[in-house]
Amino acid sequence: MQTVPFLDLKAGYLELKPDIDAAVARVLDSGWYILGPEVETFEKSYATFCGAAHCVGVANGLDALILALRALDIGPGHEVIVPANTFIATWLAVSAVGAVPVPVEPTLLTYNIDPARIEAAITGRTRAIIPVHLYGQPADIGTILQMAQKRGLAVIEDAAQAHGAGYKETRIGMHGDAVCWSFYPGKNLGAMGDGGAVTTNRTDVADRIRTLRNYGSREKYVNEEQGPNSRLDPIQAAILGVKLNHLDTWTARRRGIAQYYLDNLSGVTLPHVPNWANPVWHLFVIRHPQRDTLMSKLAEKGINAMIHYPIPPHLQAAYSDCGHAKGTLPLAEQLADDMLSLPIGPQMPQDAQNRVIEAVNQAAATLPPVDQVADI
Ligand SMILES: *Cc1c(COP(=O)(O)O)cnc(C)c1O
């Protein structure tokens, strides 16, 4: 029995192999290996793709968040609102600058931060909100921006899973004070190594991150402030440039698979899409109260499902001193217990999609029934 992989990264390479190989060779032949024209070209293309004025390439998504926080002067003594349900990097960035991550629960409908719960988490020390467009589904950014504006807070978006995601008539990447991207290989726009970027319409934020990422230096051997070495690698930039040309096509394939799942899966709780959202389905996440049983039944049929994420940040050892004990963020904890990510990806064959649907439906039929769509 052939396994259905969770995501086939090599298939993505093979589809574009001649162009990717040529792009890598071009950088090697150029003799220019740090920043330079390849990085600048990609930055321009990605800013245009997002509808943002600026894009600054950095080393990875975590650094994108850290540098965005630093560019907005957020640090010790400050609080930053983060989703309780997210990949831990969102929290780690806040902690890395010496600020305190303040978690806000998700809505069970979209798995994203619940805007209605943000207000109550704001204190005199709050400086920013970091919504995460989790699993490729945009958070309610319009409502969050309005709230932030009223309170004088910055909005830093964690868009690491949302390349090309649509919010109303726009794309994610041009709304907040800084929008942070990861090009980790498994992301929708993935490099062949680490990579990241920040897009923004704010010239001051772009300039500051451009300086910070390079030892705090704009001009060689002139250091305005203390900054890390966090530069997007030109080989990765060249590869990303090739892949960006295919991103809309690959996203369309993901949307096709998601729709096929939505139309054909039964016996599990399916993801809900608000009418203003056009998700890019980085992950296709279902819910079931007997998730572990469902997952092992899928494994028996060679289907590699995964859990994103099995332990919420506040219950990780890394945050044992954060003051949020088990039971204090029950919605995030419930999602960690009942969510399951099904295989999805731009190169996923039709027969693999059919096998996933058949395996889920068969397994769910042996388990107690659930609501097909989450309760609000
Ligand atoms: C991947 C990811 C990050 C971190 O990106 P890296 O490039 O791996 O550092 C941050 N936030 C979210 C939501 C992610 O999925």
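About the thresholds
Residues numbered from 1 in each chain as written. Predicted model: local features only at pLDDT ≥ 70, side-chain atom pairs only at ≥ 80, totals over all residues. Heavy atoms only, no water. Helix = DSSP H or I, 4+ residues; strand = E, 2+ residues; numbered from the N terminus. Rg over C-alpha atoms; globule rule 2.2 N^0.38 Å. Buried < 20%, exposed > 50% of the residue type's maximum accessible area, 1.4 Å probe, protein only. Contact = heavy atoms within 4.5 Å. Pairing = 2+ DSSP bridges. Axes fitted to C-alpha atoms, helices over the stretch in contact; angles between N-to-C directions. Polar contact = N/O pair within 3.5 Å; in protein donor to acceptor, adjacent residues only side chain to side chain. Near = heavy atom within 4 Å. Areas by Shrake-Rupley, 256 points an atom, 1.4 Å probe, with all protein chains shown as cover. Nonpolar A, V, L, I, M, F, W, Y, C, P; charged D, E, K, R; others polar. Lys, Arg positive; Asp, Glu negative; His and termini not counted. Salt bridge = Lys/Arg side-chain N within 4 Å of Asp/Glu carboxyl O.

*Asks:* So what's going on with the overall build of the protein chain? Residues and values would help.
*Replies:* When you go through the protein chain residue by residue, the secondary structure sums to 11 helices and 14 strands. Taking 21 Å as the expected radius of gyration for a compact globule of 376 residues, we find that the protein chain reaches 21 Å, a close match to that expectation. Principal axes of the C-alpha set define a box for the protein chain whose edges measure 65 × 55 × 40 Å. Per-residue burial over the protein chain gives 56% buried out of 376 residues. Considering only residue pairs separated by 6 or more positions, the protein chain has 70% of its internal contacts joining residues 24 or more positions apart.

*Asks:* Outline the sheet that holds strand β2 (residues 79-83), supporting the account with residue identities and numerical values.
*Replies:* Reading across the sheet, the seven strands line up as β1-β9-β8-β5-β4-β2-β3 and stay open at both edges, with mixed pairing between neighbours. Lying at the two open borders of the sheet, with one neighbouring strand each, are β1 (54-58) and β3 (100-104). Strand-to-strand twist of the sheet, defined as the mean angle between neighbouring strand axes without regard to direction, takes the value 25 degrees. Packed onto the sheet, helix α6 (residues 141-151) meets β4 (126-129) and β5 (154-158) and runs at close to 155 degrees relative to β5.

*Asks:* Give a detailed account of the side chain of Asn 85, specifying residues and quantitative values.
*Replies:* One can find Asn 85 in the loop between β2 and α5 (89-96). Given a relative accessible area of 6%, Asn 85 falls into the buried group. Separated by 3.1 Å, the side chain of Asn 85 and the backbone oxygen of Tyr 111 make a polar contact. Apart from residues no more than four positions distant in its own chain, Asn 85 is found in contact with Pro 106, Tyr 111, Leu 134, Tyr 135, Ala 332, Leu 335 and Met 339.

*Asks:* Talk me through the sheet that holds strand β6 (residues 166-167); I want residue IDs and the actual numbers.
*Replies:* The strand order β7-β6-β12 describes an open sheet built from three strands, whose pairing is antiparallel. Strands with a single pairing partner mark the edges of an open sheet, and in this sheet they are β7 (170-171) and β12 (277-278). Looking at chain direction, β6 and β7 are connected through two bridges and run antiparallel. Opposite Tyr 167, over in β7, you have Thr 170 as the bridge partner.

*Asks:* Residues and numbers for the site of the ligand, please.
*Replies:* Taken together, the neighbourhood of the ligand is formed by Asn 60, Gly 61, Leu 62, Phe 87, Ala 89, Val 132, Asp 158, Ala 160, Gln 161, Ser 182, Lys 187 and Gly 195. Ser 182 is positioned such that a nitrogen or oxygen atom in its side chain is 2.6 Å from an oxygen atom of the ligand. Lys 187 is positioned such that a nitrogen or oxygen atom in its side chain is 3.1 Å from an oxygen atom of the ligand. Coverage of the ligand by the protein amounts to 90% of the 380 Å² it exposes when considered alone. Of the residues belonging to the shell around the ligand, the class tally is five nonpolar, five polar and two charged.

*Asks:* Which residues make up the side chain of Asp 158, and what values go with them?
*Replies:* Relative to the helices and strands, Asp 158 resides in strand β5. With no salt bridge to any partner, buried Asp 158 finds its closest opposite charge in Lys 187, at an N-O distance of 6.8 Å. Here the side chain of Asp 158 touches Thr 90 through a polar contact of 2.9 Å, side chain to side chain. Not counting chain neighbours up to four residues away, the residues in contact with Asp 158 comprise Leu 65, Thr 90, Ile 130, Pro 131, Val 132, His 133 and Cys 180.

*Asks:* Quick rundown of the pattern of salt bridges? Include the residues and the values.
*Replies:* On inspection of all chains with the given rule, the structure shows 16 salt bridges. Where Glu 79 meets Arg 125, a salt bridge forms, and the shortest distance between an N and an O atom there is 3.1 Å. With Glu 79 in strand β2 and Arg 125 in the loop between β3 and β4, the pair connects residues that are 46 residues apart, well separated along the chain. Of the residues examined, Glu 79 reaches a relative accessible area of 11% and is grouped as buried. Here Arg 125 falls in the partly exposed class, since its relative accessible area comes to 46%. A salt bridge links Arg 202 to Asp 204; the shortest N-O distance between them is 2.7 Å. Judged by relative accessible area, which is 31%, Arg 202 ranks as partly exposed. A residue is classified by how much of its surface remains accessible, and Asp 204, at 45% relative accessible area, is partly exposed. Salt bridges here are not isolated pairs; linked through shared partners, they connect Glu 43, Arg 210 and Arg 213.

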